[in-house]
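Residues per chain are reported as follows:
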Amino acid sequence: MAKLDLDFVRAQFPAFEVPSLQGQAFFENAGGSYTCRQVIDRLHRFYTERKVQPYAPYTASSLGGAEMDEARTRLSAIMGIDADELSFGPSSSQNTYVLAQAFAQWMKPGDAFIVTNQDHEANTGPWRRLAERGFEMREWKINPDTGHLDPADLANLLDDRVRLVAFPHCSNVVGEINDVAAICELVHDAGAVACVDGVSYAPHGIPNVAELGADIYLFSAYKTYGPHQGIMAIRRDLGMTLPNQGHHFNADCLYKRFTPAGPDHAQVAASAGMADYIDALYAHHIGGEAATVAKGAAVHDLMRAHEVELLQPLLDYASAKNSVRLIGPSDAALRAPTVALALQSGAEAAAADLAPHGIMAGGGDFYAGRALRAMGVAADKGVLRVSFVHYTSKDEVDRLISALDQVV
Ligand SMILES: Cc1ncc(COP(=O)(O)O)c(C=O)c1O
């Protein structure tokens, strides 16, 4: 398999060139990634040349509308779904909130739903509120030592009353990659719907959602080299069954049913740059003709291989360090490079101590307080989180390790 050409990758991100960021190693990617040049260029072009109401017959407008459609068409093709099964919303939190309103209307008395305590609040809080409407909530709990979600525990919670199971592809503090395909199969066998939070996974390679079997798959473009948008995939028959949350006259248009707000035209259009970036990586490393979904898969594998190689030494370092508790698996192949460390002292202060070393990282609970509490992490200390993606270099990871060694 081709190896990731890091010089080529980093040349796609203006952040690596600007003087203000020289000498700064970025390790808060799980909070929001750098933006690729292709997205920035499209955003700039939209605001300078196409910033009119889209879908009208004059040229600037029709180009703007076509670019918005292009974003949905090309990203959905990478995900293995139809273009109208993908919609954009202001954020994944808001997309989930709207979906939860639809489920609240659709579910019947006596129905139950399952949430986890591994999720970011975005994919658990809105669902938990269904309990206030009289639906039975069941919690799929993590192992308090490892943070692992065991599918056998889910199997024990499932029965024919369960309509929905919401779980993460990968938690933003545990980092372990859940076996989405196997979990979706369990969920479907019980006649329920699977809603997967892919926000912490997609930056490491946008997945083939059709292959995973998720009925709903959410991720955030601004953590995946794009603009500040939430991306939501929803299977057609489910989307057409759940009550429409958009304007009544848009009810027949699947991609408008769960996005009640007017879209951010420029950002939707600029999201096509995420597909440009994946195409550029494919053309540079592999080349030739292939179906878009296959290109997406190849780029995913390229990114993962680089990340896994860089991640293992960091995990080995953290596992061996007595003053640190590594949250989640110590085997890089099992997890994303989103590494939470529980320290003996406060994590926010540790992040501040890393800053003079040129390390950009954060401390806190990262809205995953339920998972951290379940694992016995002190709320007043939180975790130091160091997260990276495929554009991170070995040199940056080495610098992180040596800075950690002085700080924690
Ligand atoms: C795992 C996970 N899910 C959901 C969200 C919420 O995404 P958004 O900021 O787009 O609402 C985040 C944000 O940090 C996250 O890390």
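Rules used in this analysis
- Residues numbered from 1 in each chain as written.
- Predicted model: local features only at pLDDT ≥ 70, side-chain atom pairs only at ≥ 80, totals over all residues.
- Heavy atoms only, no water.
- Helix = DSSP H or I, 4+ residues; strand = E, 2+ residues; numbered from the N terminus.
- Rg over C-alpha atoms; globule rule 2.2 N^0.38 Å.
- Buried < 20%, exposed > 50% of the residue type's maximum accessible area, 1.4 Å probe, protein only.
- Areas by Shrake-Rupley, 256 points an atom, 1.4 Å probe, with all protein chains shown as cover.
- Salt bridge = Lys/Arg side-chain N within 4 Å of Asp/Glu carboxyl O.
- Near = heavy atom within 4 Å.
- Polar contact = N/O pair within 3.5 Å; in protein donor to acceptor, adjacent residues only side chain to side chain.
- Nonpolar A, V, L, I, M, F, W, Y, C, P; charged D, E, K, R; others polar.
- Phe/Tyr/Trp six-rings, centres within 6.5 Å; stacked < 30°, edge-to-face > 60°.
- Lys NZ or Arg CZ within 6 Å of the ring centre and 35° of its normal.
- Pairing = 2+ DSSP bridges.
- Axes fitted to C-alpha atoms, helices over the stretch in contact; angles between N-to-C directions.
- Expected span 1.5 Å × (residues − 1).
- Right-handed = clockwise from strand over helix to strand, strands pointing away.

**Q** Tell me about the overall build of the protein chain, residues and numbers included.
**A** When you go through the protein chain residue by residue, the secondary structure sums to 15 helices and 13 strands. Over its C-alpha atoms the protein chain spans a radius of gyration of 21 Å, differing by no more than 12% from the 22 Å that the globule rule assigns to 408 residues. Every one of the 408 residues in the protein chain was classed for burial, and the buried ones make up 56%. Element-wise, carbon and sulfur atoms account for 52% of the exposed surface of the protein chain, whose accessible area totals about 16000 Å².

**Q** Now, about the pattern of salt bridges: what can you tell me, with residues and values included?
**A** If you walk through the whole model with that rule in mind, you get 28 salt bridges. Linking E28 and R385 is a salt bridge whose minimum nitrogen-to-oxygen distance equals 2.9 Å. Of this pair, E28 sits in the loop between β1 (25–26) and α2 (37–49) while R385 sits in strand β13 (residues 383–387), placing them 357 residues apart in sequence. Taking the relative accessible area as the measure of exposure, R385 reaches 2% and is therefore buried.

**Q** Break down the site of the ligand for me, with residues and values.
**A** Taken together, the residues surrounding the ligand are S91, S92, S93, H120, A122, N172, D197, V199, S200, S220, Y222 and K223. H120 places a side-chain nitrogen or oxygen 3.4 Å from an oxygen atom of the ligand. Within the contact set of the ligand, an oxygen atom lies 2.5 Å away from a side-chain nitrogen or oxygen of Y222. The protein chains hide 89% of the 390 Å² of surface that the ligand would expose on its own. Split by residue class, the shell around the ligand holds three nonpolar, seven polar and two charged.

**Q** Report on the packing of aromatic side chains, specifying residues and quantitative values.
**A** Under the definition given, this model contains 14 aromatic pairs. Grouped by ring-pair contacts, the aromatic residues F13, F16, F26, Y34, Y225, Y277 and Y391 constitute a single cluster. A cation over an aromatic ring shows up here: R10 above the ring of F16, its NZ or CZ 4.0 Å from the ring centre. The cationic tip of R385 hangs over the ring face of F366; the distance from NZ or CZ to the ring centre is 3.9 Å.

**Q** Mind laying out unusual backbone geometry, listing which residues take part and the relevant values?
**A** We note that Y55 has phi near 70°; this positive angle belongs to a residue other than glycine. Relative to the elements of secondary structure, Y55 occurs in the loop between α2 and α3 (59–79). The class of Y55 is partly exposed, set by a relative accessible area of 46%. Although it is not a glycine, F366 adopts a positive phi angle of roughly 55°. Note on placement: F366 falls in the loop between β12 (362–364) and α14 (369–374).

**Q** Provide a residue-level description of the sheet that holds strand β2 (residues 86–89), including the pertinent values.
**A** Pairing in this open sheet of seven strands is mixed, and the strands run β2-β8-β7-β6-β5-β3-β4 from one edge to the other. Edge positions in the sheet fall to β2 and β4 (136–140), since each has one partner strand and no second. Each strand axis lies, on average, 20° off the axis of its neighbour in the sheet, ignoring direction. The pairing of strand β5 (residues 162–168) with strand β6 (residues 193–197) spans five bridges and is parallel.

**Q** Tell me about the environment of D237, residues and numbers included.
**A** Inspection of the secondary structure assignment puts D237 in helix α9 (residues 236–241). Accessibility expressed as a relative area gives 47% for D237, which makes it partly exposed. Along the sequence, D237 and L254 sit 17 residues apart, while their C-alpha atoms lie 9.6 Å from each other.

**Q** Would you mind going over α3 in detail, with residue names and values included?
**A** With 21 residues, α3 extends 30 Å from end C-alpha to end C-alpha; this agrees with the ideal 30 Å at 1.5 Å per step. Every buried residue belonging to α3 is among S61, G64, G65, E67, M68, A71, R72, L75, S76, I78 and M79, and all of these are buried. Among the residues trailing α3, G80 stands out with phi positive, at a value near 75°.

**Q** Kindly report on the pairing of β6, identifying the contributing residues and their values.
**A** The side chains of a regular strand alternate, first on one face of the sheet and then on the other. In terms of burial, β6 is a largely internal element, five of the five residues being buried. Side chains of β6 alternate between two faces, with V193, C195 and D197 and A194 and V196 buried alike. With respect to chirality, the unit in which β5 leads through helix α7 (residues 180–189) into the neighbouring parallel β6 is right-handed. Summarising the sheet, β6 and strand β7 (residues 216–220) pair through three bridges and their orientation is parallel. Paired with C195 across the two strands is I216, which belongs to β7.

**Q** Just give me the short version of the sheet that holds β12, but keep the residues and values in it.
**A** An order of β9-β10-β13-β12 is seen for the four strands of this open sheet, with the pairing classed as antiparallel. If you trace the sheet from one side to the other, it starts and ends with β9 (324–326) and β12, each paired once. Here the average twist between neighbouring strands, direction ignored, is 30°. Judged from the three bridges that link them, β12 and β13 form a sheet pairing that is antiparallel. When the bridges of β13 are listed, G362 appears paired with R385.

By themselves these figures say nothing about function.
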